[in-house]
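# Chains, contacts and geometry: an overview
Next come the chains, spelled out residue by residue.
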Amino acid sequence: MKSYIQYVLGLVAVVVLPACDGDFEELNKNPVAITREQIRPEYLFSTAQLRTFRGDEANSMYYGTTFCQHLASLSDVGIFDFHGDKYVYHQGNNELLWNNTFSGDIGPAKLMADVSYLSIGKEEEYHNLIQMNRIWRTIVYSRLTDMYGDIPYSEAGKGYYEQLFKPKYDTQKDIYYHMLSELEDATAKLDAQRNNFATADIAYKGDIQKWKKLGYSMMLRLGMRLSKVEPATASAWAQKAFAGGTLSSNDDNLIIRGTDAVGSNQDLVNGQSYMFKVGFVPGKISATFVDYLKSTNDPRLKYIAAIYPDWRNNTVKITDPAVQKGLPNGLNRETMEDDPSFDPSQNEHQYSGVNRDVFAKLDGARMFLTYAESQFLLAEAAVRGWIDADAGSLYESGAAAGMKNLAQYDASAVITDQEIANYLAANPYAGDQGTEKALEQINTQYWVATFLNGYETYANVRRSGYPKLIPVNYYLGNETGGKFPGRLRYPQSEMVYNKENYEAAVARQGTDNFVTKVWWDN
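A few points on the structure.

Before going further, it helps to spend a moment on unusual backbone geometry. Residue Y466 is joined to P467 through a cis peptide bond whose omega torsion reads -5°. Along the chain, P467 falls in the loop between helix 20 (454–464) and helix 21 (494–497). One non-glycine residue with positive phi stands out, namely F197, at about 50°. Relative to the helices and strands, F197 resides in the loop between helix 9 (172–189) and helix 10 (208–224).

Structure follows, in structure tokens:
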């Protein structure tokens, strides 16, 4: 039957074709195809923001937060998720940020390239969107290069438009120099008198002044990242950022929120929060982190940590700060029992986990850059003599902002002004104890303020050296031999599909392992 129908249809085509030869081109147009002129760049930009927010949490949480001892895990090699707790390699989560950045049509790299391409010839119409896209690109690519080192950058996202399927790896130095120049130019060009694309911007709703503050705050972050490798360069960019004007309150924080509180659409939930919901094997809060908060009598502890005797049950929890107990990093369920912290009369859930009422909301906040971070970086710049500002005041405003922004996760997590005043009185600015002590205090507070932003925590700990974490040396599958990790490994697919450029990057940067450091960390 199939052959007969095909024969009849073929015959009809032969009979009809000569009669409509003149309209052949018109008939072969797809009536539902979308032309370049019909695609709206602003909608692609919204998707780029969303895809930056959703899909790469495991890389940040399972590696960044555990490398830096915010979180810990008892799970063993092969079955556990929080791999950075023991410095072991898991291909899927090691590669997740890379793969999601470059994941076909929905990866931020392609989407941001689309915005650039579709804006060609329409620069006046899309003026502000172009600048927002350039600033957003520094957010996406700075995370990527900070985690892996040299990466595809100048040729990234050009497969579709230029058939460039094997992009070269740019050096991290070149990437940083270009990102900083992009931030300077794009931020200066933002114009509040033009279309602000409010409906397309899921971060700031088109608030141009907030975008300018974001641009200068990203300039500060990336400039200060060079403080160890090129202090003069870092100083110059910190001065530009300070003069331009960074985030000025928690209202300026760069936050993306999930929009599906019940989790029916995984693309719209806060995936970071999803990891702590009931039903998942949870990570614990690291003893390093809990002990520090206790030692400074930090009022955040009562909202950050909770003990769940039955981890499947949200309603049974203990939040009393006095009884919170962090899990030492580098233990499994066997070695845990030999650790002095373990109470044999209880099970493993005697250790504190993340307070789910605050941080496990599927429509909750994910923070990318905050006022507190900017204040601490400015405080460091002031300590170093790079800007003319009072480091003590900046330290205090950073500490206060870091406490206040907990309420942006959940309205119940309110730290009062009196609690902040008490904390600052008990933990005064350490400037009178010398430069190094001041830098340690500021960057340790930065470590606290970036809780759950594993990308940024991990980057700043490597850059600043603070807090002084004691590395773990897990006996099975440890990638570093007990050294603090310097980066993640490149995806295995790069060794096959982009072999020449991969090998050039490895030859230039160093062995493709967790021990090799990125450029700004040398």
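This part covers the packing of aromatic side chains. Counted according to the given criterion, the structure contains 31 aromatic pairs. Ring centres 6.4 Å apart and planes at 55° place the aromatic pair F102 and Y141 in the tilted group. Residue F102 is located in the loop between helix 5 (91–101) and helix 6 (108–118), and its partner Y141 is located in helix 7 (residues 127–148); the two are separated by 39 residues in the primary sequence. Judged by its relative accessible area of 26%, F102 falls in the partly exposed class.

Here the focus is the environment of N270. Along the chain, N270 falls in the loop between strand 4 (254–257) and helix 12 (271–274). When the C-alpha atoms of N270 and G258 are compared, they prove to be 4.5 Å apart, with 12 residues separating the residues in sequence. Filtering out sequence-adjacent residues up to four positions away, N270 remains in contact with F53, G258, K361, L362, G364, A365 and R366. In this structure the side chain of N270 is engaged in a polar contact, spanning 3.1 Å, whose partner is the backbone nitrogen of Q272.

Turning to a nonpolar patch on the surface, a few remarks are in order. Among the surface-exposed residues, M495, V496 and Y497 lie close enough to one another that they form a single nonpolar patch of about 330 Å² accessible area. With respect to the element layout, Y497 can be found in helix 21.

What follows is about the pattern of salt bridges. Under the defined criterion, the tally for this structure stands at 31 salt bridges. For D85, the salt bridge is made with K86, and the minimal N-O distance between the two is 2.7 Å. D85 sits in the buried class, given a relative accessible area of 1%. In this structure, the salt-bridge partner of R134 is D185, at a minimum N-O distance of 2.9 Å. Of this pair, R134 sits in helix 7 while D185 sits in helix 9, placing them 51 residues apart in sequence. The network of salt bridges with common partners includes D146, R221, R225, E373 and E456.

Calculation criteria
- Residues numbered from 1 in each chain as written.
- Predicted model: local features only at pLDDT ≥ 70, side-chain atom pairs only at ≥ 80, totals over all residues.
- Heavy atoms only, no water.
- Helix = DSSP H or I, 4+ residues; strand = E, 2+ residues; numbered from the N terminus.
- Phe/Tyr/Trp six-rings, centres within 6.5 Å; stacked < 30°, edge-to-face > 60°.
- Buried < 20%, exposed > 50% of the residue type's maximum accessible area, 1.4 Å probe, protein only.
- Contact = heavy atoms within 4.5 Å.
- Polar contact = N/O pair within 3.5 Å; in protein donor to acceptor, adjacent residues only side chain to side chain.
- Patch = residues over 30% accessible without salt bridge, like charges linked within 9 Å, V, L, I, M, F, W, Y side chains within 5 Å.
- Areas by Shrake-Rupley, 256 points an atom, 1.4 Å probe, with all protein chains shown as cover.
- Salt bridge = Lys/Arg side-chain N within 4 Å of Asp/Glu carboxyl O.

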